[in-house]
Amino acid sequence: MEKIYRITEEYLYLPVCVGKEERKVEIFLREEGADWEKLFEFMVPVDGEVEKGYACDFYAEIPVRQYLGRELLICGDVPQAYMEKVKPAPKRRGMSQGRPAIHFTADTGWINDPNGLIYEGGIYHLYFQYNPFNIAWNNMSWGHAVSRDLLHWKQEDTVMFPDGSGTIFSGSAIANDRGLLGLPRDAMLFFYTAAGGSNEWSRGQYFTQKIAYSLDGGSTLTKIAEPCLPTVCPENRDPKVYWHEESQAYVMALWLEENAFGIFRSQDLRHWEQSDRFTLEGAWECPDLLCLDCEEGGKCWFFWAADGFCFPGAFDGYHFRPYGGRQQAYVNNVPYAAQTYFGIKGRVVSIPWLRMENDGRLFSGACGIPVELSCKRTQEGYTLVQKPVRELTEQRVRLGKDSVIYGDGRIVCRPGAGKALVFETRVREDNRDNCIWEINASKVSYDPGSGQFAVDGEHFPVGCGYGEMTFIVDDRILEVFFDGGVRLGTFLLREREVRLETESRFLAEYGAYEV
């Protein structure tokens, strides 16, 4: 089935039927006097049995303002009723209700890795791996959201879709401070992996590293056709690019294969030479190189990989050498593929993807609360520290009397609708019993003697003797920072309603806030 549409609005909406078989939908553009040129190829869940009265769960939005007044041809193995449901729209729709307040989620569709994190002109840009066409992984594109406080996000237009070089895998961003690539200094540059062979359009190709740029503050991205780094290993991916001041060169950290990573250097961003290849125990994907301030003074480099595995070490711009073994930033496997921001002065801010199974809503996945990274010296060496971004403290408002109820030795907290709950606990030094909370109908406990933290009967070894904990409850997400961020746990709760019940005898101090 095929149909020609004249573009009269800025967006084209494609219907999505969650749970149905995915079918290929292609979109072509015809210039006057020329043949059809392929623009897009997507796998979309389609109800192929409906002949009329086609119903869908949501619409996927494709920005098409650059094609206004021209004709697009849409074709695919879809019924006529599907084609009749495709429609133009003058503006994108906002998010629906019933979602986390301060953890980013897409309006609809699937998200995974944060990409291209950059702070520019007072705006925090969050790009992310995105499938606008389903609530499951596929059609990897780059979505885009913006914030002025790192807590409250607005989704913008999708900025990159799959093409004939492959789907759009993870990458990073920098400002064009040195005016390279024939672009102005205020351009924003984005490095990403073109995942050749990951869609039918790019069959037979390997993964390459490419560049896109923005001349309008990150709202639209233009791809540069030629790779900046040809294939090193068949599925090499996730370029993280930095300017290394000490060695006066741009540096790219790249996952190569298995547990192997590479360091590449460039003066012009077009030509890269490999300076190092090394393996790290259990680590793969989504590398990051972090130079972190130490709480006792000085700095230490950390190499970071997707699972939150991090390795303190030395980096001279050419080679990374770990000091010792692997550390784990998280107590479980919910957070993944964290990336740090470019352009934030004086602090290192990181955001992970939270791996959350779909719970019946029209979006899958979320981003973790942004954290500020530092390190501290211990007898065993340097260790990572993660703390919620300072904006969380700045925006907290103490709950009113109607939201906090004391009675029968218990405290019950309920923030306002659409708000997250933040509370802090200090365990009494003489307490040797389990600390027990009920949060959103989930049973949560901490045993300071054994070091076990439990959520609904699942136990996690977090360490013994923690006296202070900060809890963030947002929809189904619970994040717990132990003793100022020496450990971080992210857990999924049974229910979405934000509430807390706890026995006050465990707490020497208690503070509850909403954000």
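Quick note: structure is the one above.
## Some words on the overall build of the protein
Along its length, the protein carries two helices and 43 strands. Taken against the 2.2 N^0.38 rule, which gives 24 Å for 515 residues, the C-alpha radius of gyration of the protein at 24 Å falls within 12% of a compact globule. A principal-axis box enclosing the C-alpha atoms of the protein has dimensions of 85 × 60 × 40 Å. Split into buried and exposed, the 515 residues of the protein put 59% on the buried side.

## Points about the sheet that holds strand E17 (residues 249-257)
If you walk across this open sheet you meet the four strands as E16-E17-E18-E19, and the pairing is antiparallel. Both edges of this open sheet fall to strand E16 (237-244) and strand E19 (273-279), since each of them pairs with a single strand only. On average, each strand axis in the sheet is tilted by 20 degrees relative to the strand beside it, whichever way the strands run. Here E17 runs beside strand E18 (residues 260-266); their pairing, made up of seven bridges, is antiparallel. Looking at the pairing, Tyr250 lines up with Ser266 of E18.

## Description of the packing of aromatic side chains
Going through the model one piece at a time under the given rule, you end up with 39 aromatic pairs. Plain terms: the ring middles of Phe453 and Phe471 are 6.4 Å apart, the flat faces sit at 45 degrees to each other, and that makes the pair tilted. Highlighted residues: Phe453 in strand E37 (residues 452-455) and Phe471 in strand E39 (residues 468-474), separated in sequence by 18 residues. Taken individually, Phe453 and Phe471 each receive the classification buried, so the pair is uniform in this respect. Through pairs of rings, three or more aromatic residues link up here, namely Phe423, Trp437, Tyr446, Phe453, Phe460, Tyr466, Phe471, Phe482 and Phe491. Looking at Lys38, its charged tip hangs above the ring of Trp201, at a distance of 4.5 Å from the centre. The cationic tip of Arg265 hangs over the ring face of Tyr318; the distance from NZ or CZ to the ring centre is 3.7 Å.

## Some words on the pairing of strand E30 (residues 381-388)
Sheet topology places strand E29 (residues 371-378) next to E30; eight bridges connect them, and they run antiparallel. Following the sheet pairing, Leu373 is matched in E30 by Gln386. Taking the residues that link successive antiparallel strands as the turn, the E29-E30 hairpin has two residues.

## Quick word on the nonpolar core
Ile102, Phe104, Leu126, Trp153, Phe302, Trp304 and Tyr341 are the most contacted members of the largest nonpolar core, which has 43 residues in total. A total of four residues in this core trace back to one element, the largest contributor, which is strand E9 (residues 123-131). Apart from residues lying up to four places away in sequence, Tyr341 is in contact with Leu117, Ile118, Tyr119, Tyr124, His125, Leu126, Leu150, Trp153, Val349 and Ile351. Counting 31 residues, the second-largest nonpolar core is a separate cluster that includes Val16, Val50, Val64 and Ala81.

## Section: the pattern of salt bridges
Counting across every chain of the model gives 31 salt bridges. Residues Glu285 and Arg237 are paired through a salt bridge, measuring 2.6 Å at the closest nitrogen-oxygen approach. Of this pair, Glu285 sits in the loop between E19 and strand E20 (288-293) while Arg237 sits in strand E16, and the two are 48 residues apart along the sequence. An identical accessibility class is assigned to Glu285 and Arg237; each is buried.

## Things to note about the side chain of Arg487
Summarising the element assignment, Arg487 is placed in strand E41 (residues 487-492). Salt bridges are absent for the buried Arg487, whose nearest opposite-charge side chain, Asp483, sits at 11 Å. Excluding anything up to four places from it in sequence, Arg487 contacts Gln328, Tyr330, Val331, Pro461, Val462, Tyr466, Val480, Phe481 and Phe482.

## What to know about the environment of Phe207
Position of Phe207 among the secondary structure elements: in strand E14 (residues 207-214). C-alpha separation for the pair Phe207 and Gln339, spaced 132 residues apart in sequence, amounts to 20 Å. If sequence neighbours within four positions are ignored, Phe207 has contacts with Phe169, Thr193, Ala194, Ala195, Gly196, Thr231, Pro234, Glu235, Asn236 and Arg237.

## What to know about unusual backbone geometry
For Asp238, which is not glycine, the phi torsion reads 70 degrees and is therefore positive. By secondary structure assignment, the location of Asp238 is in strand E16. Positive phi, close to 45 degrees, is recorded for Cys286, a residue that is not glycine. Tracing the sequence through the fold places Cys286 in the loop between E19 and E20.

## Digging into the sheet that holds strand E1 (residues 2-6)
Strand order in the open sheet formed by four strands is E1-E6-E3-E4, and the pairing between neighbours is antiparallel. The open sheet is flanked by E1 and strand E4 (36-45), the only strands paired with a single partner. Taken over all neighbouring pairs, the strand axes of this sheet differ in orientation by 20 degrees on average, direction set aside. Sheet topology note: the E1/strand E6 (residues 71-76) ladder contains five bridges and is antiparallel. If you follow Tyr5 over to E6, its bridge partner there is Leu72.

What counts, and at which threshold
Residues numbered from 1 in each chain as written. Predicted model: local features only at pLDDT ≥ 70, side-chain atom pairs only at ≥ 80, totals over all residues. Heavy atoms only, no water. Helix = DSSP H or I, 4+ residues; strand = E, 2+ residues; numbered from the N terminus. Rg over C-alpha atoms; globule rule 2.2 N^0.38 Å. Buried < 20%, exposed > 50% of the residue type's maximum accessible area, 1.4 Å probe, protein only. Pairing = 2+ DSSP bridges. Axes fitted to C-alpha atoms, helices over the stretch in contact; angles between N-to-C directions. Phe/Tyr/Trp six-rings, centres within 6.5 Å; stacked < 30°, edge-to-face > 60°. Lys NZ or Arg CZ within 6 Å of the ring centre and 35° of its normal. Core = buried A, V, L, I, M, F, W, Y, C linked by side-chain atoms within 4.5 Å. Contact = heavy atoms within 4.5 Å. Salt bridge = Lys/Arg side-chain N within 4 Å of Asp/Glu carboxyl O. Lys, Arg positive; Asp, Glu negative; His and termini not counted.

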